[in-house]
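Residue strings, one per chain:
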Amino acid sequence: MNRRSEADNLRKNSAKRAGNPKLGRKRRSSVIVGVPVPVPNSTSVLPAPLWLEQRDFETVLSLEKSSYKANNIQPCTYAEWKEVKRILFPVHDKLIEELEIRINELDRNSLVIQLYDQLEIMYGTLEKRRFEAMGATALTGDRRIPVSADIEWRVRSPQLLGLRYLIELTVKMEGKQGHPIGEGKLSELMALSTRIGEMDAFLEHVSCGILPYELIVTKELVAQFQLSESGVQSMKSWQDARKNRIFQATLEELGGLQRITTEPINETQLTQDNVWKKLDRPMKSEKGYSLTEWLHLFHALIAGFDDYERLKIQPKADLIRYLREATALDAKIIDRFLNDRILSSREMIGLTKDQMLPSENFWRDLRIANRPIIEINQDNVPTVIFGIETTQQCSKIYFQLLTEGRWQAAHCDPDGPIVHVLGSIHEKSGDFFRDEVLESCRAMGLEAEREKATADGIKLPQGIGPVDVFIFEKHRKRFILVECKDVTRSIAVFDSKQIIESVFGQMLQNEAP
């Protein structure tokens, strides 16, 4: 259920009272702190990003404060969902309404271009620092360096999320003439969208209840969103557990990047992969383009950028003509590919404000992360905008999710060939991970079985499948049920031994949890 649908009456009443595959990207071999690292050319000519500072949020916080006063919100710490939604839904809606009003006053085509360019600058700057961290890590062996780079990405994520949401909202509202946009106005809009994104993410956390969060309303009527004390400890344990993996992954990625400069990945290496071969034909039959044709088209998009170019703005007809010449693919195939990659007001017209929320509807198809090519109408000419960083990020994530069986199969038949193949890929990777967990449990002296459906003749309740890993602790006369989920993300963070030690370490001590 949509988390907000249960609060329709609350909102009405409040309104009355008061909103990577490497695809041929141009790189030059650079030496960073004595270590050769292939760095994209575009990152060497980036201007400074428009990172927001505390003073940029003064107007937003003032709007919030007026809403809290109107609704008689008292300074306190709130953790229950019922209280949190009562306090935040009205102000969340108020901020969205204010953002839409401000967008309406501006030249929206120019705004989309400026915002997309800013997104490219931010992505490029963070990537450049990540490359620098790779070189420094290899040179010094200091495990803190890649962790710091990872923290910087996470610290900047709310602004990146807010900026993407702002772009999508501006696209939805269509391009109309208005006032030109200066840097100050741009910062105000980004502060509003960032705060909306922060608030929406916090609401999602509290609604799902995976980690305990709390809302603190200070005596100055400023809302602070943070983990509770136990939530902070849980997050710290997770961060500590993944430090070694981040270090190893950094060195592995650096080695891969260095090899690609001398031994580029060729198409045969990719297309002969078993997962690739399984997906190629189903993609063609259902989407109109195969996975191999997808590779050719994304390669062409990236290769079309000049050496130091970060953003392309061109008539849509010119892009189609270029893709036909670069790939020799049929026009219908290119049209199908672009239809799945273009974000336009035409596509988004049916979306409501709630359906566009950046965190609650994170997996929706109509996001710039899924559709990096934006279409606007410039002097009655269909015009496209796309950036090298965002396009590269999109292709990397799409490829990873698809080949791991985690892709959200938008516009696909739920009983069709693509969903069927994705299910088999996910099941196979899940079985592999489940067996790793099983063997790790046994190595720790636990008696464990896989896919267990009964215990002493007692069956699991109807509708519940077999337990992935069933662990016995005879000396304590108890058992532990282990469900393995989202395995590719888990493997990326831990190995199975780390997971078992982290989860079951305290349970194996003398005192029961």
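Further up the page is the structure itself.
Conventions we followed
Residues numbered from 1 in each chain as written. Predicted model: local features only at pLDDT ≥ 70, side-chain atom pairs only at ≥ 80, totals over all residues. Heavy atoms only, no water. Salt bridge = Lys/Arg side-chain N within 4 Å of Asp/Glu carboxyl O. Helix = DSSP H or I, 4+ residues; strand = E, 2+ residues; numbered from the N terminus. Buried < 20%, exposed > 50% of the residue type's maximum accessible area, 1.4 Å probe, protein only. Pairing = 2+ DSSP bridges. Axes fitted to C-alpha atoms, helices over the stretch in contact; angles between N-to-C directions. Contact = heavy atoms within 4.5 Å. Parallel < 35°, antiparallel > 145°, perpendicular 65-115°, else oblique. Nonpolar A, V, L, I, M, F, W, Y, C, P; charged D, E, K, R; others polar. Expected span 1.5 Å × (residues − 1). Phe/Tyr/Trp six-rings, centres within 6.5 Å; stacked < 30°, edge-to-face > 60°. Lys NZ or Arg CZ within 6 Å of the ring centre and 35° of its normal. Core = buried A, V, L, I, M, F, W, Y, C linked by side-chain atoms within 4.5 Å. Bend = angle between axes of the 7 residues up to and from the residue. Polar contact = N/O pair within 3.5 Å; in protein donor to acceptor, adjacent residues only side chain to side chain.

Caption draft 1: A look at the pattern of salt bridges. The final tally for this structure, using the stated rule, is 27 salt bridges. Measuring nitrogen to oxygen at the nearest pair gives 2.7 Å for the salt bridge that ties Arg130 to Glu127. Pair noted here: Arg130 and Glu127 are both in helix α4 (residues 108-140), with a separation of three residues, about one helical turn. Taken as a pair, Arg130 and Glu127 share a single burial class, namely buried. Several salt bridges converge on common partners, so that one network encompasses Glu64, Arg195 and Glu198.

Caption draft 2: Up close: the sheet that holds strand β5 (residues 223-227). Within the open sheet, the three strands sit side by side as β3-β4-β5. Their pairing is antiparallel. The open sheet is flanked by β3 (76-78) and β5, the only strands paired with a single partner. Across the sheet, the mean angle from the axis of one strand to that of its neighbour is 25°, orientation sign disregarded. Two strands pair when backbone bridges link them, and β3 and strand β4 (residues 213-217) are joined in this way by three bridges, in the antiparallel orientation. Its bridge partner lying in β4, Tyr78 is registered against Leu215. Against the sheet, helix α6 (residues 183-208) contacts β4 and β5, and its axis sits at roughly 45° relative to β5.

Caption draft 3: Broad picture of the packing of helix α5 (residues 144-172) against helix α7 (residues 229-262). In the contact formed by α5 and α7, the axes pass within 9 Å of each other and the chain directions differ by 110°. Here α7 runs roughly perpendicular to α5, going by the angle between their axes. Of α7, the residues touching α5 (which contributes Pro146, Val147, Asp150 and Arg154) are Gln239, Arg242, Lys243, Ile246, Phe247 and Thr250. Here the residues of the contact of α5 with α7 are counted per class, giving four nonpolar, two polar and four charged.

Caption draft 4: Spatial organisation of α6. With 26 residues, α6 extends 37 Å between its outermost C-alpha atoms, agreeing within 8% with the 38 Å of an ideal straight helix rising 1.5 Å per residue. Two residues or fewer past α6, Gly209 is found with a positive phi of approximately 70°.

Caption draft 5: Summary view of the packing of aromatic side chains. Applying the stated rule across the entire model yields nine aromatic pairs. Considering the side-chain rings of Trp81 and Phe89, the 6.0 Å spacing of their centres and the 85° angle between planes classify their relative orientation as edge-to-face. Judged on exposure class, the residue Trp81 and its partner Phe89 are both buried. Arranged with centres 5.6 Å apart and planes meeting at 85°, the rings of Phe298 and Phe337 form a pair that is edge-to-face. Of this pair, Phe298 sits in helix α10 (residues 291-303) while Phe337 sits in helix α12 (residues 331-339), and the two are 39 residues apart along the sequence. In textbook terms, an aromatic cluster arises when at least three aromatic residues are bridged by ring pairs, as seen for Tyr289, Trp294, Phe298 and Phe337. The positively charged end of Arg156 is found above the aromatic ring belonging to Trp51, 4.1 Å away from the centroid. Of note, Arg367 hangs over the ring of Phe362, and the distance from its end group to the ring centre comes to 4.2 Å.

Caption draft 6: Region of interest: the nonpolar core. Ranked by size, the top nonpolar core spans 103 residues in total, and within it Leu88 and Ile374 carry the most contacts. Sequence-distant contacts of Ile374, defined by excluding residues within four places in its chain, comprise Val112, Tyr116, Ile167, Val171, Leu343, Ile368, Thr383, Val384 and Ile385. With eleven residues, the next largest nonpolar core counts Val437, Val469, Val482 and Cys484 among its residues.

Caption draft 7: Broad picture of the environment of Phe470. Within the element layout of this structure, Phe470 appears in strand β13 (residues 467-473). Sequence separation between Phe470 and Ala448 is 22 residues, and the spatial gap between their C-alpha atoms is 5.4 Å.

Caption draft 8: Representation of the sheet that holds strand β6 (residues 311-315) in the model. The four strands lie next to each other as β6-β9-β8-β7, forming an open sheet whose pairing is mixed. Edge strands, defined here as strands with exactly one partner in the open sheet, are β6 and β7 (342-343). Contacts from α4 reach β6, β8 (373-378) and β9 (381-387), with the element oriented near 155° to β8. Most of the contacts of helix α11 (residues 316-327) go to β6, to which it runs at about 105°, and overall it touches β6, β7, β8 and β9.

Caption draft 9: Broad picture of helix α3 (residues 81-104). In this model α3 runs 33 Å from its N-terminal to its C-terminal C-alpha over 24 residues, within 8% of the 34 Å that 1.5 Å per residue would give. At Leu88, α3 shows its maximal bend, which comes to roughly 35°, and the proline Pro90 appears one to four places after that position.

Caption draft 10: Layout of the environment of Asp435. Position of Asp435 relative to the elements: it lies in helix α15 (residues 417-443). Under the relative-accessibility criterion, Asp435 is labelled partly exposed at 25%. As for Asp435 and Val469, which are separated by 34 residues in sequence, their C-alpha atoms are 8.4 Å apart. Polar contacts involving the side chain of Asp435 include one to the side chain of Arg434, which spans 2.9 Å.

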